[in-house]
Amino acid sequence: MDETNYPIERRYVAVRSNTRPGTRLITGCPAFLVAHDTGNPGAGADAHFRYFDTLRDRTASAHVFIDDKRILEIIPAGTGDQAAEKAWHVIRNVTTDNERFGYDANDAALGVELCYGGGIDFKAAYGRYVWYLSFCCRKWELDPSAHIVTHRQLDPMRKQDCEQSLAWGGKSFAELIADVRKAMAASSFSLPGPPTSAPALPLPSKPQPQQPKLRQEIGDFLIVSYIQPARRFMLLAGDKAAAAHYERLAANVRGAAAGLSLPKSNCQEIIYNWLSPAWYKAKAEGRDPAKYHVMAEALRACAGIPAS
Ligand SMILES: [Zn+2]
């Protein structure tokens, strides 16, 4: 594992409402990290600085652009002396960020962009990307599995990043998270600790909630009975974006069966669209509806939603 401490360059774009509103994150420090790629193969960090420094006709930005040569923060991210500011990197009307983290990504998260493709050496850029994410996780005590989310996960109907650029380099999102963990473990950079003169306070140990796994047969039932038919219907209807949404939903259900947490929006979608109607239908027809309730509670547990 690469133990390099990469330098972070800071060259900020001008304050302007459509790119850098100049206001602080409402959480103070970044509460989570959104893994993006630029969707612009071959364009490096400098090119994106120039683009966003003069952009006037649309609202968009991100905090940091990482290529094979540099890590360039173009909006203060809170890694240095200046407090983290807002950037416009996830469209406001998606609700996945609010459901999962309690905030709009633009108000509470860093947008971390991987530059890729063209003449950009993937391995060198990826190494810096992993390192930067690991630095942020250590600095703000974030858990890579819980607090790094891709733009695609937040906005699956519209966005493919950063999974598309990782695939370009032969990597998956799961591998990215594993590499960030390894970089955190291997890292030799030191962070300022608590003042040594302060008395050591007995800190309550953080409870480590046990992430429940979705039972395999429940996951299989949901995918085969509901999600796959919905996907097929959308494909026949020519709605590829909706079909892709159901692919993602099935992947998340499989993830829950493997012990990953299920996005709350996915849990609610499955219950409202399928399990709840199935429960009422079974009851009305004099069949035992209990299994639908059991499945709904299992999904809620995986999504961290209290049992109903
Ligand atoms: Zn993005």
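Basis of the calculations
- Residues numbered from 1 in each chain as written.
- Predicted model: local features only at pLDDT ≥ 70, side-chain atom pairs only at ≥ 80, totals over all residues.
- Heavy atoms only, no water.
- Helix = DSSP H or I, 4+ residues; strand = E, 2+ residues; numbered from the N terminus.
- Buried < 20%, exposed > 50% of the residue type's maximum accessible area, 1.4 Å probe, protein only.
- Contact = heavy atoms within 4.5 Å.
- Areas by Shrake-Rupley, 256 points an atom, 1.4 Å probe, with all protein chains shown as cover.
- Axes fitted to C-alpha atoms, helices over the stretch in contact; angles between N-to-C directions.
- Parallel < 35°, antiparallel > 145°, perpendicular 65-115°, else oblique.
- Nonpolar A, V, L, I, M, F, W, Y, C, P; charged D, E, K, R; others polar.
- Core = buried A, V, L, I, M, F, W, Y, C linked by side-chain atoms within 4.5 Å.
- Donors = N, O, S within 2.8 Å, 3.2 Å for Na, K, Ca; no water.
- Lys, Arg positive; Asp, Glu negative; His and termini not counted.
- Salt bridge = Lys/Arg side-chain N within 4 Å of Asp/Glu carboxyl O.
- Phe/Tyr/Trp six-rings, centres within 6.5 Å; stacked < 30°, edge-to-face > 60°.

With that settled, the discussion passes to the overall build of the protein. A tally of regular secondary structure across the protein gives 12 helices and six strands. Buried positions account for 47% of the 308 residues belonging to the protein. Partitioning the intrachain contacts of the protein with sequence separation of at least 6 by distance along the chain shows that 74% fall at a separation of at least 24. Carbon and sulfur atoms form 54% of the exposed surface of the protein, whose accessible area is close to 15400 Å².

To continue, consider the packing of helix 9 (residues 216-236) against helix 10 (residues 240-257). It is at 8 Å that the axes of helix 9 and helix 10 come closest, and there the two elements cross at 175 degrees. Taken together, the axis directions place helix 9 and helix 10 in an arrangement best described as roughly antiparallel. Mapping the contact onto sequence places Gln216, Gly219, Ile223, Ile227, Ala230, Arg231, Met234 and Leu235 in helix 9 and Ala242, Ala243, Tyr246, Glu247, Leu249, Ala250, Val253, Arg254 and Ala257 in helix 10. Partitioning the contact of helix 9 with helix 10 into residue classes produces 12 nonpolar, two polar and three charged.

We now examine the packing of helix 10 against helix 11 (residues 264-284). In contact at an axis separation of 11 Å, helix 10 and helix 11 are set at 110 degrees when each is read in the N-to-C sense. When the axis of helix 10 is compared with that of helix 11, the two are roughly perpendicular. Between helix 10 and helix 11, the residues in contact are His245, Tyr246, Leu249, Asn252 and Val253 and Asn266, Glu269, Ile270 and Trp274, respectively.

Residues Tyr129, Tyr132, Ile148 and Leu176 are the most contacted members of the largest nonpolar core, which totals 47 residues. Going through the elements one at a time, strand 2 (32-37), helix 1 (45-54), strand 3 (64-66), strand 4 (71-73), strand 5 (109-114), helix 4 (122-139) and helix 8 (173-186) are the ones with two or more residues in this core. A per-element tally of this core places helix 4 first, with 11 residues. Core analysis: the second largest hydrophobic core is formed by 26 residues, Leu222, Leu249, Ala296 and Ala303 among them.

Before going further, it helps to spend a moment on the coordination of the zinc ion. Looking at the metal site, the zinc ion is ligated by His36 (ND1), His151 (ND1) and Asp161 (OD), spaced 2.0 to 2.1 Å from it. If you list the donors of the zinc ion from N- to C-terminus, the spacing comes out as H-x114-H-x9-D. Pair noted here: His36 is in strand 2 and His151 is in helix 6 (residues 151-154), with a separation of 115 residues, a long-range link.

Mapped onto the fold, Arg248 is located in helix 10. Despite being buried, Arg248 has no salt bridge partner; Glu163 is the closest side chain of opposite charge, sitting 4.1 Å away. Leave out the neighbours within four places in its chain, and Arg248 touches Arg152, Gln153, Pro156 and Glu163.

Across the six residues of strand 2, six count as buried, placing the element largely inside the fold. Burial along strand 2 is two-sided: the face carrying Phe32, Val34 and His36 and the face carrying Leu33, Ala35 and Asp37 are both buried.

Enumeration over the complete set of coordinates arrives at 11 aromatic pairs. Between the aromatic rings of Tyr51 and Phe52, the centroid separation amounts to 4.9 Å while the plane-to-plane angle is 80 degrees, which identifies the pairing as edge-to-face. Classification of Phe52 as buried rests on a relative accessible area of 7%. Between Tyr116 and Trp168 the ring centres are 5.3 Å apart and the planes differ by 80 degrees, which places this aromatic pair in the edge-to-face class. Remark: Trp168 occurs in helix 7 (residues 163-168) and Tyr116 occurs in the loop between strand 5 and helix 4; sequence separation between them is 52 residues. For Tyr116, a relative accessible area of 4% gives the class buried.

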